[in-house]
Each structure stands twice: as structure tokens, then as C-alpha cells.
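Below are the chains, spelled out letter by letter.
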Amino acid sequence: MKTLILNDSTDIPVAGRIIRDGGLVAFPTETVYGLGASAYSDTAAKKIYAAKGRPSDNPLIVHICDAAKLCDVARDVSDAAKTVIDRFMPGPITVILKKKACIPDSVTGGLGTVGIRCPENPVAREFIRAAGVPVAAPSANISGKPSPTSARHVIDDMMGKIDAVIDGGDCTVGLESTIVDMTADIPVILRPGAVTYDMLKEVIPDILIDKNILDTVADNEAPKCPGTKYKHYSPDADVFVIEGEKEKVQVKIKELIKENAAKRVGVLFMYDAVYDDAVMLCAGRDNKEYAHNLFNALREFDRLGIELVFAEFSDDTGYGLAVKNRLYKAAGHKVIYV
Ligand code: TXA
Ligand code: MG
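Residues numbered from 1 in each chain as written. Chains lettered and ligands numbered in written order. Predicted model: local features only at pLDDT ≥ 70, side-chain atom pairs only at ≥ 80, totals over all residues. Heavy atoms only, no water.

Structural notes on the overall build of the protein
And step 1. Check the secondary structure of the protein and you find 11 helices and 17 strands.
And step 2. For the protein, the C-alpha radius of gyration of 20 Å lies close to 20 Å, the compact-globule estimate for 338 residues.
And step 3. Projecting the C-alpha coordinates of the protein onto the three principal axes gives extents of approximately 60 × 50 × 35 Å.
And step 4. Evaluated residue by residue, the protein yields a buried proportion of 55% over its 338 residues.
And step 5. When contacts within the protein are restricted to residue pairs at least 6 apart in sequence, those whose partners lie at least 24 apart make up 68%.
And step 6. Carbon together with sulfur atoms contributes 51% to the accessible area of the protein, which is approximately 14100 Å² in total.
And step 7. Counting 41 positive and 47 negative side-chain charges, the protein places the centres of these two groups 4 Å from one another. (Helix = DSSP H or I, 4+ residues; strand = E, 2+ residues; numbered from the N terminus. Rg over C-alpha atoms; globule rule 2.2 N^0.38 Å. Buried < 20%, exposed > 50% of the residue type's maximum accessible area, 1.4 Å probe, protein only. Contact = heavy atoms within 4.5 Å. Areas by Shrake-Rupley, 256 points an atom, 1.4 Å probe, with all protein chains shown as cover. Lys, Arg positive; Asp, Glu negative; His and termini not counted. Charge placed at Lys NZ, Arg CZ, Asp CG, Glu CD.)

Pasting the structure below:
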């Protein structure tokens, strides 16, 4: 299949047409690039799973161009859900609600609920509007790889497998949306993101955080967010998180570099570039920058043929919870606390 690379200002109508014709278009959002298809089409949704190599029980998020369109796809919207939607949509948040019958089972992986997101990115919204239907979209990476935060990443993973990609530059946030399950009596955060626990707590004081956010899910347990049971964000390199105070982290990583002198080692650093004999990439000075740079850095280490990555990490407050969640997954939960 030939994959068109579309311009984000002139080619949106072309992208909309492809969706209406049952095709696949990757598009930029403020979080990560999505791989979109008509959310009303069973066959189009199945094409997404095939292109990504994604297990069919892992549901897709349905994207709308305006929060008011939520009622086209969801039912039984509680007052708490309305509060969250009014406050944070459009933005980097997905709400889980009961689905309407117009959304096929293939989109929701057989669940009776649907994840709904209205992106803030104007290109994303113009594209969904041009499609004329809600757009079902997971992140536009090959299943298991880090999510794409630029059109380049999408092209690396998806060239020849999808109809088109809209090049809208780098994603500003860089990590996927916060997911909140609004179907339970007490809302639960299933995946942390740029809309933080503290921000949500301001409008829903009793909101909970799902315990699986920093744990691995046991084989015999059904996670609330099906995607969390799969291997995620796995670069080819073996990743270790080194967590603690700055000085101790630096001493530990220096030791580890010496111990692994025979390997091609990379360091994702936050503080200063103090390491010899390693390829260093900067994660940024705070968690907002870390979020923005993480997936790109993981892909870059692979491109450079790095075998072993040590990632500095210290602060899991606020936005840090989302960074920590993705880092731990990328590392397969190999964390050294110092
Ligand atoms: O920022 C984002 O959310 C990006 C952009 C493209 O919008 N999308 C994204 O999609 O990250 P994806 O498919 O990579 O991750 C969606 C996650 C999966 O872990 C999936 O299991 C969960 O959302 N999910 C989707 N629908 C759900 C539902 N009805 N109930 C529980 N979890 C759901
Ligand atoms: Mg994904």
C-alpha cells in the first residue's frame, strides 16, 4: 500500500475523505499521534488492529471534534462526568462511559464501555470534523513500541501499512492522555497523563488512582484498562530506571557504566551530562520536559544501536506520576532505588 504524507494545512479534506471511505489516517494530537479510522465502521476498526499488530481485546479510544458530540457515542453521563468534561475537554484526557449501540464491538474490544477523547490540537479537531464521523484511534505505533510523538516516528513504524499520515510536527505533551473511568460510583484514574491527579481532585475530591498504574498486572487478573496488561513502550535496548536523589543516582550510574563496559550504553539524564563512555540524551530539567522527550529518546537510543539504557528519575509528584508509569513500563519494571 502507498502511504500518502499529507500537509496539515492544505490536505485535511483529503484525510477526511479517506476516513469516510473506510481507510486509515495517522494524525497529530497534543499527546501522541493517533492511527484513525471511522468509529462507526467494524471493518475499518479491524484494519487498525491489523496495521498495528494489536490484540483485538484492547479497545480503541473514540475521538470527537467537539465535547458536545460526546452524546453521539456515550450514554448515562453522570454529573461527575459532566464536571470533568466541562473542565478538561478539549484536552489530554479520555473519559470512559457506557457506549451507545452505534459503536461496534470491534472498537471497544467487546466492552460495553467506550473511551472518549476530544483533543485540543487544532489539526486533530479539523481532521475529525472533516471526517464527519467520530474517529477511533490508538497511538500510531507498532504494538509494543514507544508511542509516536512526530510524523517521522509514524513513518518509521507504519509506512506501507496505512493510507496516509498528516504531518503536524512534534506533539507538545508527548505522553498519552489521562484515562478516567467514569462508569463506577467513584471515578478512577486508569492511566496518568498531563491532566494530573491533583487537577482532577480539585473537581472530584474522592477520585481514586487504579493500583495497577505502577504495578505489573498478574496473569490471572483482568485489568480495568485492557491495554495495561500488554508489554508497552519497549525499545530494543534493555532499560533500567535509577531512582533517587541526584548525587546518588549519578554515582550509581557511573558504577553501572563501568560494570557494563563491554556494552553500548546510553544514559537518559535529567541533571548534568556527567558521564563518560556512554551516549547521553537529555530528558529535560523537569517532568514536563521529561514527558515531552521520553518516547523520542527511547526511539533514538534504538536508532543508535544502544543495548543498555540507564534512565535517571527522581520526582514522581504531579506530572511525574505519568512519566514514572511510562518509564517503569519501558524498563519492564527494572528499577534500582538509590
Ligand atoms: O493520548 C491518547 O490517548 C492517544 C491519542 C492518539 O489520543 N491514544 C492512545 O490510545 O493512547 P491507545 O490505544 O494507545 O491507548 C488507549 C488505552 C488502552 O490501554 C486501552 O486499553 C484503554 O485506553 N481503553 C480504551 N477504551 C477503554 C475502555 N472502554 N475501558 C477501559 N480502557 C479502555
Ligand atoms: Mg498505545
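Observations concerning the pattern of salt bridges
Any two side chains of opposite charge can pair, on the condition that their charged atoms come close.
And step 1. Scanning all chains against the criterion turns up 17 salt bridges.
And step 2. The partner of Glu255 in a salt bridge is Lys252, and the shortest N-O contact between them spans 3.7 Å. In this pair, Glu255 and Lys252 are both assigned in helix H9 (residues 246-259), three residues apart and thus about one turn of the helix distant.
And step 3. Classification of Lys252 by relative accessible area gives partly exposed; the value is 23%.
And step 4. Glu289 is paired through a salt bridge with Arg285; the nearest N and O atoms lie 2.7 Å apart.
And step 5. Taking relative accessible area as the criterion, Glu289 reaches 26% and is therefore assigned partly exposed.
And step 6. The exposure class assigned to Arg285 is exposed, which follows from its relative accessible area of 67%. (Salt bridge = Lys/Arg side-chain N within 4 Å of Asp/Glu carboxyl O.)

Re the side chain of Lys324
And step 1. Relative to the helices and strands, Lys324 is located in helix H11 (residues 320-330).
And step 2. Residues contacting Lys324, with those up to four places away along its chain left out, are Leu214, Glu243, Phe313 and Asp316.

Side note on the sheet that holds strand S15 (residues 279-282)
And step 1. Spatially, the five strands line up as an open sheet ordered S15-S14-S16-S13-S17, and their pairing is parallel. Unpaired on one side and paired on the other, S15 and strand S17 (335-337) mark the two borders of the sheet. Mean inter-strand twist for the sheet, computed between neighbouring axes without regard to direction, equals 20 degrees.
And step 2. Note: strand S14 (residues 265-269) against strand S16 (residues 308-313), four bridges, orientation parallel. In the strand pairing of S16, Leu268 is matched with Ala311.
And step 3. Against the sheet, H9 contacts strand S13 (238-243), S14, S16 and S17, and its axis sits at roughly 175 degrees relative to S16. (Pairing = 2+ DSSP bridges. Axes fitted to C-alpha atoms, helices over the stretch in contact; angles between N-to-C directions.)

Notes on H11
And step 1. With respect to burial, H11 is a largely interior element, 11 of its 11 residues being buried.
And step 2. Those residues of H11 that fall on the buried side of the exposure criterion are Gly320, Leu321, Ala322, Val323, Lys324, Asn325, Arg326, Leu327, Tyr328, Lys329 and Ala330.
And step 3. Packed against the buried residues of H11 are strand S11 (188-191), strand S12 (208-209), S13, helix H10 (287-303), S16 and S17.
And step 4. In the stretch just after H11, Gly332 is the one whose phi turns positive, near 55 degrees.

A short note on the domain arrangement of the protein
And step 1. Here the protein is partitioned into domain 1 (4-214) and domain 2 (238-337).
And step 2. The straight-line distance from the C-alpha centre of domain 1 to that of domain 2 is 28 Å.
And step 3. With 25 residues of domain 1 at the contact, the number on the domain 2 side is 18 residues.
And step 4. Between domain 1 and domain 2, roughly 1700 Å² of surface is buried when both sides are summed, and carbon and sulfur atoms account for 61% of that area.
And step 5. Contact with domain 2 buries surface across domain 1, with Pro146, Leu175 and Leu214 losing the most and accounting together for 36% of the total.
And step 6. In this structure, the connection of domain 1 to domain 2 is made through two salt bridges.
And step 7. A salt bridge links Asp157 to Arg299; the shortest N-O distance between them is 2.9 Å. (Domains from an automatic or database assignment. Buried area = accessible area lost by both parts, 1.4 Å probe.)

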